[in-house]
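In case you want the letters, here they are:
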Amino acid sequence: MPLGDLYDPSRGYLVNDSVVVEAEVAVRKVLDYWSYDSKKETGYVGLKNQGATCYMNSLLQTLYHIPYFRKAVYHMPTTENDLPSGSIPLALQSLFYKLQYNDTSVATKELTKSFGWDTYDSFMQHDVQELNRVLCEKLEDKMKGTVVEGTIQQLFEGHHMNYIECINVDYKSTRKESFYDLQLDVKGCRDVYASFDKYVEVERLEGDNKYHAEEHGLQDAKKGVLFIDFPPVLQLQLKRFEYDFMRDAMVKINDRYEFPLQLDLDRENGKYLSPDADRSVRNLYTLHSVLVHSGGVHGGHYYAFIRPTLSDQWYKFDDERVTKEDVKRALEEQYGGEEELPPTNPGFNNTPFKFTKYSNAYMLVYIRESDKDKIICNVDEKDIAEHLRIRLKKEQEEKEDKRRYKAQAHLYTIIKVARDEDLAEQIGRDIYFDLVDHDKVRSFRVQKQTSFMAFKEEIAKEFGIPIQLQRFWIWAKRQNHTYRPNRPLLPQEEAQTVGQLREVSNKTHTAELRLFLEVEFGPDLHPIAPPDKSKDDILLFFKLYDPEKGELRYVGRLFLKSSSKPIEILRKLNQMAGFDPDEEIELYEEIKFEPCVMCEHLDKRTSFRLSQIEDGDIICFQKSPPLESEQECRYPDVPSFLEYVHNRQIVRFRALDRPKEDAFCLELSKQHSYDEVVERVARKIGLDDPSKIRLTPHNCYSQQPKPQPIKYRGVEHLSDMLVHYNQTSDILYYEVLDIPLPELQGLKNLKVAFHHATKDEVVIHNIRLPKQSTVGDVINELKTKVELSHPNAELRLLEVFYHKIYKIFAPNEKIENINDQYWTLRAEEIPEEEKNLGPNDRLIHVYHFTKESAQNQMQVQNFGEPFFLVIHEGETLAEVKERIQRKLQVPDEEFSKWKFAFLSLGRPEYLVDTDTVFNRFQRRDVYGAWEQYLGLEHSDNAPKRAYSVNQNRHTYEKPVKIYN
């Protein structure tokens, strides 16, 4: 404001030489990511991401928010005996129920387990359209024979008509097809309507591309698609990803592409509809969901904008987080295209900075207005099976109990009480080292304010041991990582609260208070008061080993003077073991077991003090083995047995060709050598020669065999076979070879496709030769395996990649460096005419091709089997065509539609019958496929595949599979 205006009395700003300035303050709510409550803020909850399952989460939220679909899922028959992890219907019912009634985000692990997926699948991004189709197909199949049979078709199935109509004669061919979703072009289309215009665009079949109309022969015709009916729920897949032939890679189309809130598919007098369409049905749709991909072709993030009730309020479902959004955010900001940054210096004429928006819509879901009330229906508890309600409410209660338990955890202490009974039950069964597994003893959750004496009263009730007869020892973690009872609780400690006593246990490096309850029994087996403990008294624990049975068990504990000697208690130990009083026994001290076992012989005549034996130590004993029996027992003494137990490993073996199924299990030692492991496997499967066994390690992350097998004696021990980074597996894969592995490793294995000269057949042969062999050796080996057209036929070996011949291998070339993983090796007979090329002959490449639209231009796409052809000077195209037709045995009718072109660096120059082909090829020597070739343009009638086997593996995307 100019100061003149402020000081002008007539403007009324200044009154009595004062001005009032009013500020309007808007307090915006800042959303804290961690404390944000989706349910509280929006009424909806999100889905947890398992690793790379955001693509699945956005689709599941979309399907869930189609209430008619949700109701149908609820009505699929399931029983209380089903497990969600093994039943897709129950897992989906459970997921939808939790989305409807939970207060926090929902996990999808049960659902993916019901798909038969492992961890690897959860970390692999899949195609959403493919997942949608596969899931709906599975549900459609599982709905058959139930009250909800046909729901998927009723919701998502529409029909279109493919037609070819002749222009000059009365002939029309039509074919009706169903669809569950429509793929719409984004490239070159400004919006959904432009894509539909392109979808129904009429193609004219004329000139060389005429249509063969049965009795009318070749005719000019119109070819196109029109819609018979649209489904109530219309799913539109936007082709944001496409293959770029120039780059030989998939690319993402980030072009601006608009989509309306209301979609009218009856516009312009129903231009998209076939004459057979029911015109009484109004095809006016309203937008329900926008699924968004943010990122590039190699990855990114997925989320969805949804209008659950088709009101003006949009919601963004981004994994666990759900937020309210406006229509601009859900629509316009997901069109893609470019965005312009505001100028940094408005006063200067700067060129605005533009950047590509990598977040854009890739799938749209519309609901027909006339079906809105039916689709957006009410779904409540009466739609959910009673057993499901009971099961899920119980799950919810258990979850709430856990939450409450966790919230109150700071008020409580966990006390774990081990007794002699626990030691006797566990040692030799669950454990062999130390004394007890604390996770398997009686656990008490006690308020920290509780006095320890009150806790002892609870123990008296639980175990029937009077308070005055209880003595508790505190456990300690020693420097060698063993846990042993360290000392009895002091009277002043027992006078404290449980919380105060818990502080003592912090010094033992445990998260809870761990105690050993010492109870002594009299001759009548009734509990008696524990003996007084002086500084010279030590508490020792004893384990008995039986070498003949290979068994270790706990036999009890003794209070002893540290100044006494083991020889003084031999009779007592024999009594505890049930041996004769004078039985000769050997004693060992169990010291530690990690990282290696330490168990040392105990001198019977040296005092416990001098042997450094103290409270909580473990003494193992056994009968003194006679010299001859040491050979009979696998583990004749305590140290050898403990060493065996420490290294013992149960390994699950699976056949390499059936990697999901355990074939058998073997108990092995981690210290077993390579030879010992394969010998045990060979013995198990009844194989005489262990060297024919080849083992492959397990990938703990992908749950698949590793790509490379274990080389012959390539590792020292079993433990080396089982380790994968910082994890240890218990799975190995095996295969039985037809020759010993050492011999195989000296060989090169090549897959060669042999093309028969006169028969229309291709046979794959595995050629296995020493690595120093030559291509000539491969050819000689092939001659013993294949059927030749005549005995003196010569063979050659070619390298073929993407339907082009890149190389003819010289016979003296070494095979060691030939790679058959990425290109095809092809063997074929050399035609007689090629052996004697004259000065007026040329050998040329001939390839099949089609033209496909990409990046707004036509690109050449090769297919089929390439071949060589000899052409002669002065020979016309008509003559060459005749020889090609004869060679390929193509019927006249089909061959008449083929076009012929000379291609140099991928650019076609079409030829006519009178052209001389010889003159087009400037070189007489055979150059690479990128140089020049004769192209045969015609339609590819072979089954379509995403990529050829063993070609372009880096662009391979794992297909979606639902196994159950």
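Worth saying up front: this structure is predicted, and the values here are computed from it rather than measured. (Residues numbered from 1 in each chain as written. Predicted model: local features only at pLDDT ≥ 70, side-chain atom pairs only at ≥ 80, totals over all residues. Heavy atoms only, no water.)

**Student:** Could you clarify how one ought to interpret the environment of E879 in this entry?
**Tutor:** Structurally, E879 is set in helix 26 (residues 877-888). By relative accessible area, E879 is classed as partly exposed at 39%. (Helix = DSSP H or I, 4+ residues; strand = E, 2+ residues; numbered from the N terminus. Buried < 20%, exposed > 50% of the residue type's maximum accessible area, 1.4 Å probe, protein only.)

**Student:** Explain the confidence of the model for the protein chain to me, please; I cannot follow it from the model alone.
**Tutor:** In low-pLDDT segments, the atomic positions of the prediction should not be examined closely. Looking at the protein chain, pLDDT values average 86 and 90% of them are 70 or higher. In this model residues 924-929 is a low-confidence stretch, pLDDT under 50, and it forms 16 contacts with partners more than four residues away in sequence or in other chains. Segment residues 943-958: pLDDT under 50, and 28 contacts once partners within four positions in sequence are set aside and those in other chains are kept. (pLDDT = per-residue confidence, 0-100. Contact = heavy atoms within 4.5 Å.)

**Student:** What is the right way to look at the packing of aromatic side chains in this model?
**Tutor:** Evaluated as defined, the whole model comprises 38 aromatic pairs. With a centroid separation of 6.3 Å and 90 degrees between ring planes, the pair formed by W475 and F516 is classed as edge-to-face. Placement of W475 in strand 21 (residues 471-477) and of F516 in strand 23 (residues 513-518) is noted, with a sequence separation of 41 residues between them. The class for F516 is buried, based on a relative accessible area of 0%. A centroid spacing of 5.7 Å and a plane angle of 65 degrees characterise the contact between F895 and F900, whose relative ring orientation is edge-to-face. Across the pair, exposure class does not vary: F895 and F900 are buried alike. In this arrangement the basic side chain of R442 is found over the ring face of F444, its NZ or CZ atom lying 4.3 Å from the centre. (Phe/Tyr/Trp six-rings, centres within 6.5 Å; stacked < 30°, edge-to-face > 60°. Lys NZ or Arg CZ within 6 Å of the ring centre and 35° of its normal.)

**Student:** Before we go on, may I ask you to explain the sheet that holds strand 37 (residues 731-736) in this structure?
**Tutor:** Hydrogen bonds between backbone groups are what pair the strands of a sheet, and the pairing can be parallel or antiparallel. Here we have five strands laid out as an open sheet, ordered 32-31-37-33-34, and mixed in their pairing. In the strand order of this sheet, the two ends are held by strand 32 (664-669) and strand 34 (704-705), each with one partner. Relative to strand 37, strand 31 (residues 648-655) runs parallel, the two being bridged by four bridges. Counted as the bridge partner of A655 is Y734 from strand 37. Where helix 20 (residues 638-647) meets the sheet, it contacts strand 31 and strand 32, and its direction lies at approximately 40 degrees from that of strand 31. Docked against the sheet, helix 21 (residues 674-685) engages strand 31, strand 32, strand 33 (693-699) and strand 37, running at close to 150 degrees with respect to strand 32. (Pairing = 2+ DSSP bridges. Axes fitted to C-alpha atoms, helices over the stretch in contact; angles between N-to-C directions.)

**Student:** Explain the side chain of N647 here, please?
**Tutor:** Residue position: N647 is located in helix 20. In this structure N647 touches L668, S669, K670 and Q671, once residues within four positions along its chain are discounted.

**Student:** Help me out: how do you make sense of the pattern of salt bridges in this one?
**Tutor:** Per the stated rule, a full pass over the model turns up 71 salt bridges. R484 is the partner of D434 in a salt bridge, and the nearest nitrogen-oxygen pair spans 3.0 Å. Separated by 50 residues along the polypeptide, D434 in the loop between helix 15 (420-426) and strand 20 (442-447) and R484 in strand 22 (residues 483-488) bring together distant segments of the chain. Between D675 and R713 there is a salt bridge, and its shortest N-O distance comes to 2.8 Å. Here R713 lies in the loop between strand 34 and helix 22 (718-722) and D675 lies in helix 21, a separation of 38 residues in the sequence. Note on D675: relative accessible area 33%, which makes it partly exposed. In the salt-bridge network here, residues are joined through shared partners; they are D434, R478, R484, E614 and D617. (Salt bridge = Lys/Arg side-chain N within 4 Å of Asp/Glu carboxyl O.)

**Student:** What should I look at first to understand the side chain of E937 in this one?
**Tutor:** Along the chain, E937 turns up in strand 47 (residues 932-937). Nearest to the buried, unbridged E937 among oppositely charged side chains is K851, at 4.6 Å. A distance of 2.5 Å separates polar atoms of two side chains, one belonging to E937 and the other to Y910. Contact partners of E937, with chain neighbours within four places excluded, come to F849, K851, K897, W898, K899 and Y910. (Lys, Arg positive; Asp, Glu negative; His and termini not counted. Polar contact = N/O pair within 3.5 Å; in protein donor to acceptor, adjacent residues only side chain to side chain.)

**Student:** How should the sheet that holds strand 23 be read in this particular structure?
**Tutor:** Pairing within the open sheet is mixed, and its five strands lie in the order 20-19-23-21-22. For this open sheet the edge positions go to strand 20 and strand 22, each flanked by a neighbour on one side alone. Strand-to-strand, the axes of this sheet are offset by a mean angle of 40 degrees, without reference to chain direction. Where strand 21 lies against strand 23, four bridges are found, and the strand directions are antiparallel.

**Student:** When you look at the packing of helix 3 (residues 54-64) against helix 8 (residues 128-143) in this model, what are you seeing that I'm missing?
**Tutor:** The geometry of a pair of packed helices is captured by two quantities: the angle between their axes and the separation between those axes. For the pair helix 3 and helix 8, interaxial distance at closest approach is 10 Å and the crossing angle is 50 degrees. For the element pair helix 3 / helix 8, the angle class is oblique. Considering how the two elements wind past one another, helix 3 and helix 8 form a crossing that is right-handed. On helix 8, the residues touching Y55, M56, L59, L60 and L63 of helix 3 are V128, L131, N132 and L135. (Parallel < 35°, antiparallel > 145°, perpendicular 65-115°, else oblique. Left-handed = near helix turned anticlockwise from the far one by under 90°.)

**Student:** Is there a simple way to explain helix 4 (residues 67-74) in this structure?
**Tutor:** For an α-helix the count is 3.6 residues per turn, leaving residues at separations of three or four pointing the same way. In terms of burial, helix 4 is a largely internal element, six of the eight residues being buried. Listing the buried residues of helix 4 in full gives P67, F69, R70, A72, V73 and Y74. Structurally, helix 4 contributes buried residues whose contacts are with helix 3, helix 5 (88-101), helix 8, helix 9 (151-156) and helix 13 (372-375).

**Student:** Help me understand unusual backbone geometry, please; the structure alone is not making it clear to me.
**Tutor:** Glycine aside, residues mostly have negative phi angles, and peptide bonds mostly take the trans form. P595 follows E594 through a cis peptide bond whose omega is 0 degrees. Mapped onto the elements, P595 comes out in the loop between strand 28 (585-592) and strand 29 (598-601). Of note, the phi angle at D319 is positive, near 55 degrees, even though the residue is not glycine. Mapped onto the elements of the fold, D319 is located in the loop between strand 14 (314-318) and strand 15 (321-325). Its identity is not glycine, yet Q612 carries a phi of approximately 60 degrees, on the positive side. Along the polypeptide, Q612 turns up in the loop between strand 29 and strand 30 (618-623). You can call Q612 exposed: its relative accessible area is 66%.

**Student:** For this particular structure, what's the right way to read the nonpolar core?
**Tutor:** A general tendency of soluble globular proteins is for nonpolar side chains to be buried together. One finds F69, F96 and F156 to be the most contacted residues of the largest nonpolar core, which totals 58 residues. Here this core gets eight residues from one element, more than from any other, and that element is helix 5. Residues contacting F96, with those up to four places away along its chain left out, are L60, L63, Y64, F69, R70, V73 and Y74. In terms of nonpolar packing, the next biggest core, distinct from the first, is built from 40 residues, F179, L182, L226 and L331 among them. (Core = buried A, V, L, I, M, F, W, Y, C linked by side-chain atoms within 4.5 Å.)

**Student:** Help me understand a nonpolar patch on the surface, please; the structure alone is not making it clear to me.
**Tutor:** There is a patch of nonpolar side chains on the surface, built from M1, Y13, V19 and V21 and spanning about 440 Å² of accessible area. Inspection of the secondary structure puts V21 in the loop between helix 1 (3-7) and helix 2 (38-42). V21 sits in the exposed class, given a relative accessible area of 72%. (Patch = residues over 30% accessible without salt bridge, like charges linked within 9 Å, V, L, I, M, F, W, Y side chains within 5 Å. Areas by Shrake-Rupley, 256 points an atom, 1.4 Å probe, with all protein chains shown as cover.)

**Student:** I keep staring at the packing of helix 5 against helix 14 (residues 386-407) and nothing clicks. Help me out?
**Tutor:** In contact at an axis separation of 11 Å, helix 5 and helix 14 are set at 60 degrees when each is read in the N-to-C sense. Here helix 5 is positioned oblique relative to helix 14, judged by the angle of their axes. Helix 5 and helix 14 meet at a crossing whose hand is right-handed. Residues L90, Q93, S94, Y97 and K98 of helix 5 form the contact with helix 14, whose own contacting residues are H387, L388, R389, R391, L392, K393 and E395.

**Student:** What am I meant to see in the pairing of strand 19 (residues 412-418) here?
**Tutor:** Consecutive side chains of a regular strand alternate in pointing toward one face of the sheet and then the other. Extensive coverage of strand 19 is indicated by the burial of five of its seven residues. In this structure, strand 19 lies alongside strand 20, joined through six bridges in antiparallel fashion. Looking at strand 20, one finds that K416 is bridged to S443. Pairing of strand 19 with strand 23 involves four bridges; the strand directions are parallel. Considered in strand 23, the bridge of V417 is made with L515.

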